[in-house]
Amino acid sequence: MEDTADPERHYALFGDYFDGEDLWQRVLDEGGIDPDEPICLLIVTLLHFMPDERHPERPLAYYRAQLPPGSLLALTHVSLNTEDDEVQDAFRTVAGQYTNRATLPLTQRSRDEIVALVGDFEFVEPGLVWLPDWRPESTDTIDAAEANIVGGVARKPV
Ligand SMILES: C[S@@+](CC[C@H](N)C(=O)[O-])C[C@H]1O[C@@H](n2cnc3c(N)ncnc32)[C@H](O)[C@@H]1O
């Protein structure tokens, strides 16, 4: 950021997603976001590192409630494409590596569970899709069906 950021518009905060109200207040106190204008909140490659018992949907519901109407929520999340035993085994192997060798466990969620995370926000086109299918810039991408990660952008009703 030192090299490329605009100090009038860009800043970084070290904070915990689970802090909810405190973190949101710190963001507002920085003054870089106008809470009267639509805001784009990026929750990218984050929630699949948060197991169900930590209830990642609760802070997200709080953040959604703070966003002004017309705001956008961009979300990506690991989701298995199939119940194929081979894919399930491969996922268990990868998830095991996260549990044993990384700082956070890996949790895949079903499409319905991920849709529920956006609450009453409405997905803009093309919806919640396999990530390579989200507005691809070329046809030369990996097979969407093998992505096992979905993404979408949802708008808060005006
Ligand atoms: C895969 S990275 C994604 C980073 C970024 N969103 C991106 O797409 O490039 C996951 C990030 O989540 C951060 N993270 C994990 N738990 C967090 C928490 N409770 N609060 C804030 N950040 C957290 C990790 O430190 C890591 O930087």
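This structure is a prediction, so every number in the text was calculated from the model and none was measured. (Residues numbered from 1 in each chain as written. Predicted model: local features only at pLDDT ≥ 70, side-chain atom pairs only at ≥ 80, totals over all residues. Heavy atoms only, no water.)

**As for the side chain of histidine 48**
Position of histidine 48 among the secondary structure elements: in the loop between strand S1 (40-43) and helix H2 (57-66). Excluding residues that lie within four positions of it along the chain, histidine 48 makes contacts with His77, Val78, Pro105, Leu106, Thr107, Arg109 and Ile149. (Helix = DSSP H or I, 4+ residues; strand = E, 2+ residues; numbered from the N terminus. Contact = heavy atoms within 4.5 Å.)

**A word on the nonpolar core**
By size, the foremost hydrophobic cluster in this structure holds 20 residues, and its most contacted members are Tyr17, Ile43, Leu47, Leu60, Leu73 and Leu75. When sequence neighbours within four positions are dropped, the list of residues in contact with leucine 75 reads Ile43, Leu47, Ile114, Leu117, Val118, Val150, Gly151 and Gly152. Counting eight residues, the second largest nonpolar core, distinct from the first, contains Val78, Phe91, Ala147 and Ile149. (Core = buried A, V, L, I, M, F, W, Y, C linked by side-chain atoms within 4.5 Å. Buried < 20%, exposed > 50% of the residue type's maximum accessible area, 1.4 Å probe, protein only.)

**Overview of the pairing of S1**
Only one face of S1 is buried, namely the one carrying Leu41 and Ile43, since none of Cys40 and Leu42 on the opposite face is buried. Where S1 lies against strand S2 (residues 72-78), four bridges are found, and the strand directions are parallel. Across the sheet, the residue bridging to isoleucine 43 is leucine 75, located in S2. Chirality of the crossover, the property in question, places the unit of S1, H2 and S2 among those that are right-handed. (Pairing = 2+ DSSP bridges. Right-handed = clockwise from strand over helix to strand, strands pointing away.)

**Quick word on the site of the ligand**
Within the structure, the ligand sits among Gly15, Asp16, Tyr17, Phe18, Val44, Thr45, Leu46, Phe49, Met50 and Leu104. One nitrogen or oxygen atom from the side chain of aspartate 16 is found 2.8 Å from a nitrogen atom belonging to the ligand. Here a nitrogen atom of the ligand and a backbone polar atom of tyrosine 17 are 2.8 Å apart. Notes on the ligand: free accessible area 590 Å², of which the protein chains cover 47%. Split by residue class, the shell around the ligand holds seven nonpolar, two polar and one charged. (Near = heavy atom within 4 Å. Polar contact = N/O pair within 3.5 Å; in protein donor to acceptor, adjacent residues only side chain to side chain. Areas by Shrake-Rupley, 256 points an atom, 1.4 Å probe, with all protein chains shown as cover. Nonpolar A, V, L, I, M, F, W, Y, C, P; charged D, E, K, R; others polar.)

**Examining the pattern of salt bridges**
Oppositely charged side chains can pair when the atoms bearing their charge come close. According to the stated counting rule, one finds two salt bridges in the structure shown. Of the charged contacts, one joins aspartate 52 and arginine 109 as a salt bridge, the two residues approaching to 2.9 Å between their closest N and O atoms. Placement of the pair is aspartate 52 in the loop between S1 and H2 and arginine 109 in the loop between helix H3 (85-101) and helix H4 (111-116), with a sequence separation of 57 residues. The partly exposed category is assigned to aspartate 52, whose relative accessible area is 44%. When its relative accessible area of 6% is taken as the criterion, arginine 109 is described as buried. Aspartate 89 is paired through a salt bridge with arginine 92; the nearest N and O atoms lie 2.9 Å apart. Of this pair, aspartate 89 and arginine 92 both sit in helix H3, three residues apart, which is roughly one turn of that helix. Using a relative accessible area of 53% as the deciding quantity, one classes arginine 92 as exposed. (Salt bridge = Lys/Arg side-chain N within 4 Å of Asp/Glu carboxyl O.)

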